[in-house]
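Chain by chain, the residues:
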Amino acid sequence: SFGRNAKKSVRDLVNEDTMIGSRSGCANIALSNCFRRHLIGSFHDYSADIDSFLSNKEYFASSNATAVALDTLDLLRNETQRRFLRSTCHERNPNVNKGSRNTTLWKGVPFGIILQLDGLDVAAACLRVKRFASGLFYANFFADNRFGGSGECLRAIASTLSEAEEKASILCYDISGYGIEYGNDDNSIEVAAVTDAKHAMKLVELLRKCFLGLQEADAANGIEADAPAILFSQNSINGNVVSTMTNAT
């Protein structure tokens, strides 16, 4: 047992203390699919705007069922956060020094909702049942995992979206807490760049609607002001991908 633990990273050991069950377990997969298909919806895959998504009854169960699902996810997130804070396996990262760039690869927030759901989907579900503050929380949780930070994340996204090769290796696609990474092959790098640009625009929509729901008009206008820069980056990335595909053929 000691030999096996000696080979594990600190994050892996803390993760064992924090998470509930296995990501690849039958229960996790079945419940994740159930929540995604019948209770939460898939806003990140939806092609239309958020108003159309929220009004489309095919993507949601009743409001009461969605509210119960969100309560369950909150319970799981609170429990994993409690376990993370109480873990005795934490160690100071010796590579994190002032001015040093030799830091551990970001693998996402080390606790989460256990189920493999996209943070945008959970935030959109919160918005549907008028839990605007919770919607902001999960939107920021998504940004922490997907873009490596939520503080002024929209401006950071706009300035770094085109750096696909760098970003593709550091991002997690969900908020389960298991720390899933993208692959590093060329195709996944290009796909990740386009996907991140689309997700960034959906993040803008969600944040703006949540702020409006909280009657924070100034904050909503500030979010909207950052949208053109992200849209420009998205168009630039799409053009680069098309150019790359054309050259390859």
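First, a word on what this report is: a plain description of the structure on this page.

1. Remarks on the overall build of the chain
Looking only at helices and strands, the chain features eleven helices and zero strands. Each helix and strand of the chain, placed in order from N terminus to C terminus, yields the pattern α-α-α-α-α-α-α-α-α-α-α. Long-range contacts, defined here as pairs at least 24 residues apart, represent 77% of the contacts in the chain between residues at least 6 apart.

2. Structural notes on the nonpolar core
Formed by 45 residues in total, the largest nonpolar core has its most connected members in I40, L73 and Y138. Of all the secondary-structure elements, those providing two or more residues to this core are α3 (26-40), α4 (50-55), α5 (63-86), α6 (119-128), α7 (132-147), α10 (186-213) and α11 (217-248).

3. A closer look at the pattern of salt bridges
For the structure on display, the rule yields five salt bridges. Across the pair K209 and D51 runs a salt bridge whose closest N-O atoms are separated by 2.8 Å. Of this pair, K209 sits in helix α10 while D51 is found in helix α4, placing the two residues 158 residues apart along the sequence. Here R83 ties to E79 by a salt bridge, and the two come within 3.0 Å at their closest N and O atoms. Taken together, the positions of R83 and E79, both in helix α5 and four residues apart, correspond to about one turn of that helix. Residue classification places E79 among the partly exposed residues on the basis of a relative accessible area of 23%. Connected through shared salt-bridge partners, E79, R82 and R83 make up one network.

4. Looking at the packing of aromatic side chains
Taken as a whole and judged by the stated rule, the model has six aromatic pairs. Look at F137 and Y138: their rings are 5.1 Å apart centre to centre, the planes differ by 85°, and that puts the pair in the edge-to-face class. A residue is classified by how much of its surface remains accessible, and Y138, at 1% relative accessible area, is buried. For the ring pair Y138 and F141, a centre distance of 6.4 Å and an interplane angle of 20° mean the geometry is stacked.

5. Let's talk about the environment of A225
For A225, the location among the structural elements is in helix α11. Separated by 21 residues in the primary sequence, A225 and V204 have C-alpha atoms spaced 9.8 Å apart.

Conventions and cut-offs
- Residues numbered from 1 in each chain as written.
- Predicted model: local features only at pLDDT ≥ 70, side-chain atom pairs only at ≥ 80, totals over all residues.
- Heavy atoms only, no water.
- Helix = DSSP H or I, 4+ residues; strand = E, 2+ residues; numbered from the N terminus.
- Contact = heavy atoms within 4.5 Å.
- Core = buried A, V, L, I, M, F, W, Y, C linked by side-chain atoms within 4.5 Å.
- Buried < 20%, exposed > 50% of the residue type's maximum accessible area, 1.4 Å probe, protein only.
- Salt bridge = Lys/Arg side-chain N within 4 Å of Asp/Glu carboxyl O.
- Phe/Tyr/Trp six-rings, centres within 6.5 Å; stacked < 30°, edge-to-face > 60°.

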